[in-house]
Structure formats: C-alpha cells, structure tokens
Amino acid sequence: MKRIFVDANIVIDLLCERYPWFSSVMRIFSMADRGQIELYCSSLSLGTASYLMETRKMSPQDIFEGIDLLCQMCTPTTVDASVVRQALDSGFTDFEDALQHYSAMTVDAECIVTRNKKDFSSSEIPIYELEDFMALLDNDK
C-alpha cells in the first residue's frame, strides 16, 4: 500500500503528541517523510488539530510550525462542495467521518487509518485501526 489517508484523530495524535499513540503515528509520518508511502489527510483535519492545539495552550508560532511540518510529510486533500454533498447523501452516521471518507476518495486513497473504525462502516475504502495498520507494516518488512 502506498496511498494512505489518515483520519483526523491520527493527525491530532501527531500534532498534540497524544500518548500512547504518538510513537506509532510518528512511524507512519516518518515513512512518508522518507518517501516510502504517500500520506494524505483532509484539510478539515488541520483546522480541527489547530483548534485542539490552541486548547492545549500552544503558541500560535508552535501551531503554525507543527502544521507546516506535517504538510511536508502529508498532502492535505480538499473538502469542497462535492465532498460535502457526497457526505450528506451517504449512509454514514457521523458527518465528520463521511467528510474524511469522501475527501480520501478524491486522491484514490488505498486505505484510511483511524482509531474509530466503527464510524466508517459505510466506507468504500478499506479501513484500518491504527494497531492493525502497524501490524500490517510489520508484516511487510
């Protein structure tokens, strides 16, 4: 698998250094930094992450630098009117996850990595919980 889309919770785990997930998430982003995988996240995730970073009393400079660094490893995808309409018309019960899913489809993502697989039950893209994706990476060695 080369085209990986990461859900908002994975982006937040990285930018807010949330444990115990941070080390696994850092490994995924490091692989992208080395060019081993293509990593994508929705632009919506960046806004959500910046808000949570603010609530953790991070400085505006640290927030901008963190998001800039993330964008060097991970390409933001669009959340436009088409993505919103697809999400509204979908069978998803969680609107934010529907937005993530249809944003991932705009880049032909091969899978979505998340920590809430149950919310993606209507997905047309394979979904991996973080732990399962890490095991898959270990098996590909």
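Further up the page is the structure itself.
A brief structural summary. (Residues numbered from 1 in each chain as written. Predicted model: local features only at pLDDT ≥ 70, side-chain atom pairs only at ≥ 80, totals over all residues. Heavy atoms only, no water.)

Another point: the packing of helix H3 (residues 43-55) against helix H4 (residues 60-73). Remark: H3 packs on H4, axes separated minimally by 10 Å, with the N-to-C direction vectors making an angle of 145°. The handedness of the crossing between H3 and H4 comes out as right-handed. Contacts from Leu 46, Ser 50, Met 53 and Glu 54 of H3 reach H4 at Asp 62, Ile 63, Ile 67, Leu 70 and Cys 71. A class-by-class count of the residues in the contact of H3 with H4 yields 6 nonpolar, 1 polar and 2 charged. (Axes fitted to C-alpha atoms, helices over the stretch in contact; angles between N-to-C directions. Helix = DSSP H or I, 4+ residues; strand = E, 2+ residues; numbered from the N terminus. Left-handed = near helix turned anticlockwise from the far one by under 90°. Contact = heavy atoms within 4.5 Å. Nonpolar A, V, L, I, M, F, W, Y, C, P; charged D, E, K, R; others polar.)

This next bit is on the sheet that holds strand E4 (residues 111-114). Across the sheet, 5 strands lie side by side as E3-E2-E1-E4-E5; this open sheet has parallel pairing. Each edge of the open sheet carries a strand with a single partner, namely strand E3 (75-77) and strand E5 (127-129). Ignoring which end each strand starts from, the neighbouring axes of this sheet average 35° apart. Pairing analysis gives 3 bridges linking strand E1 (residues 3-6) to strand E2 (residues 38-42), with the strands arranged parallel. (Pairing = 2+ DSSP bridges.)

With 12 residues, helix H2 (residues 22-33) extends 16 Å between its outermost C-alpha atoms, agreeing within 8% with the 16 Å of an ideal straight helix rising 1.5 Å per residue. Along H2, the positions that sit buried rather than exposed are Phe 22, Val 25, Ile 28, Phe 29, Ser 30, Met 31 and Ala 32. For H2, the secondary structure elements touched by its buried residues are E1, helix H1 (8-15), E2, H4, E4 and helix H7 (130-139). Directly after H2, the chain includes Gly 35, whose backbone phi takes a positive value near 80°. (Expected span 1.5 Å × (residues − 1). Buried < 20%, exposed > 50% of the residue type's maximum accessible area, 1.4 Å probe, protein only.)

To continue, consider the side chain of Asn 9. Note on placement: Asn 9 falls in helix H1. Polar side-chain contacts of Asn 9 include one of 3.2 Å to the side chain of Thr 114. With sequence-adjacent residues up to four places away left out, Asn 9 is seen in contact with Arg 18, Thr 114, Arg 115 and Asn 116. (Polar contact = N/O pair within 3.5 Å; in protein donor to acceptor, adjacent residues only side chain to side chain.)

By the alternation rule, side chains of E4 split into Cys 111 and Val 113 and Ile 112 and Thr 114, which are all buried. Pairing analysis gives 3 bridges linking E4 to E5, with the strands arranged parallel. Paired with Thr 114 across the bridge in E5 is Glu 129.

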